[in-house]
Amino acid sequence: QVQLVESGGGWVQAGGSLNLSCVASGFTFNTYAMAWFRQAPGKDRALVGAISWNENTNYARAVKGRFTISRDNAKNTVYLRMNSLKPEDTAAYYCAAGRNGIGYATAAYDNWGQGTQVTVSS
């Protein structure tokens, strides 16, 4: 069955960096778009960044220039490099997979991981 397993979350001070990873299994990874979403308490889940099977990317305006999404098809893994972290980046971060492009809507992605918490202190 499809599995997406995130890792790399944690606590960091503002201005710091974190690297998230998501290992995928159970589907043909190199044919799927992959994405990272985040959800803070009381807020909707929102796209952070997405990458297509051929490595086109899409980012939320709030993270553009600070975060980088990448993928390694040989390792069935998608990454999110987060630099210059801010307290407002605090959220649960979710990995997602889909075959409907790299759009902003959660409905474009069929499969989800369990999430990893990122906490940024001021």
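Located above this text is the structure these notes cover.
Residues numbered from 1 in each chain as written. Predicted model: local features only at pLDDT ≥ 70, side-chain atom pairs only at ≥ 80, totals over all residues. Heavy atoms only, no water.

J.: Any chance you could explain the environment of Lys64 here in plain terms?
T.: For Lys64, the position within the fold is in the loop between strand 6 (57-59) and strand 7 (67-72). Once the C-alpha coordinates of Lys64 and Gln117 are considered, the two residues, 53 residues apart in sequence, prove to be 20 Å apart. (Helix = DSSP H or I, 4+ residues; strand = E, 2+ residues; numbered from the N terminus.)

J.: Looking at this structure, how should I read the pattern of salt bridges?
T.: Should their charged atoms come close, side chains of opposite charge can pair. For the coordinates displayed, the defined rule picks out two salt bridges. Residue Asp89 is joined to Arg38 by a salt bridge in which the shortest nitrogen-to-oxygen separation is 2.9 Å. Of this pair, Asp89 sits in the loop between strand 8 (77-82) and strand 9 (91-98) while Arg38 sits in strand 4 (residues 33-39); the two residues are 51 residues apart in sequence, bridging distant segments of the chain. Here Asp89 matches Arg38 in class, with each residue buried. Residues Arg66 and Asp89 are paired through a salt bridge, measuring 2.8 Å at the closest nitrogen-oxygen approach. You can see Arg66 sitting in the loop between strand 6 and strand 7 and its partner Asp89 sitting in the loop between strand 8 and strand 9, a full 23 residues away along the chain. Grouping residues by exposure puts Arg66 and Asp89 together as buried. Taken together, the salt bridges that share partners define one network made up of Arg38, Arg66 and Asp89. (Salt bridge = Lys/Arg side-chain N within 4 Å of Asp/Glu carboxyl O. Buried < 20%, exposed > 50% of the residue type's maximum accessible area, 1.4 Å probe, protein only.)

J.: Just to check I follow, could you spell out unusual backbone geometry for this structure?
T.: What is expected of a backbone is that most residues other than glycine have negative phi and most peptide bonds are trans. Its identity is not glycine, yet Asn76 carries a phi of approximately 50°, on the positive side. Mapped onto the secondary structure, Asn76 falls in the loop between strand 7 and strand 8. The class for Asn76 is partly exposed, based on a relative accessible area of 25%. One non-glycine residue with positive phi stands out, namely Ser84, at about 50°. Here Ser84 is to be found in the loop between strand 8 and strand 9.

J.: Just checking my understanding: could you explain the packing of aromatic side chains for this structure?
T.: Any two aromatic rings considered together are summarised by their centre-to-centre distance and by the angle between their planes. Scanning the entire structure with this criterion turns up five aromatic pairs. Centre to centre, the rings of Phe27 and Phe29 are 6.3 Å apart; their planes meet at 45°, and the pair counts as tilted. Look at Phe29 and you get buried, because its relative accessible area is 1%. Through pairs of rings, three or more aromatic residues link up here, namely Phe27, Phe29 and Tyr32. Arg45 extends its terminal NZ or CZ atom over the ring of Trp112, reaching a point 5.0 Å from the ring centre. The aromatic ring of Phe29 is capped on one face by Arg71, whose charged end is 4.5 Å from the ring centroid. (Phe/Tyr/Trp six-rings, centres within 6.5 Å; stacked < 30°, edge-to-face > 60°. Lys NZ or Arg CZ within 6 Å of the ring centre and 35° of its normal.)

J.: Whenever I open this one, the state of the cysteines confuses me. Can you help?
T.: Simply put, disulfide is the name for a covalent bond between the sulfur atoms of two cysteines. Applying the stated criterion to the full structure yields one disulfide. One disulfide bridge connects Cys22 with Cys95, the sulfur atoms lying 2.1 Å from each other. Torsion about the S-S bond of the Cys22 and Cys95 cystine: about -80°, corresponding to left-handed handedness. Taken as a pair, Cys22 in strand 3 (residues 18-25) and Cys95 in strand 9 lie far apart in primary sequence, 73 residues in all. A single burial state applies to Cys22 and to Cys95, both of which are buried. (Disulfide = S-S within 2.5 Å.)

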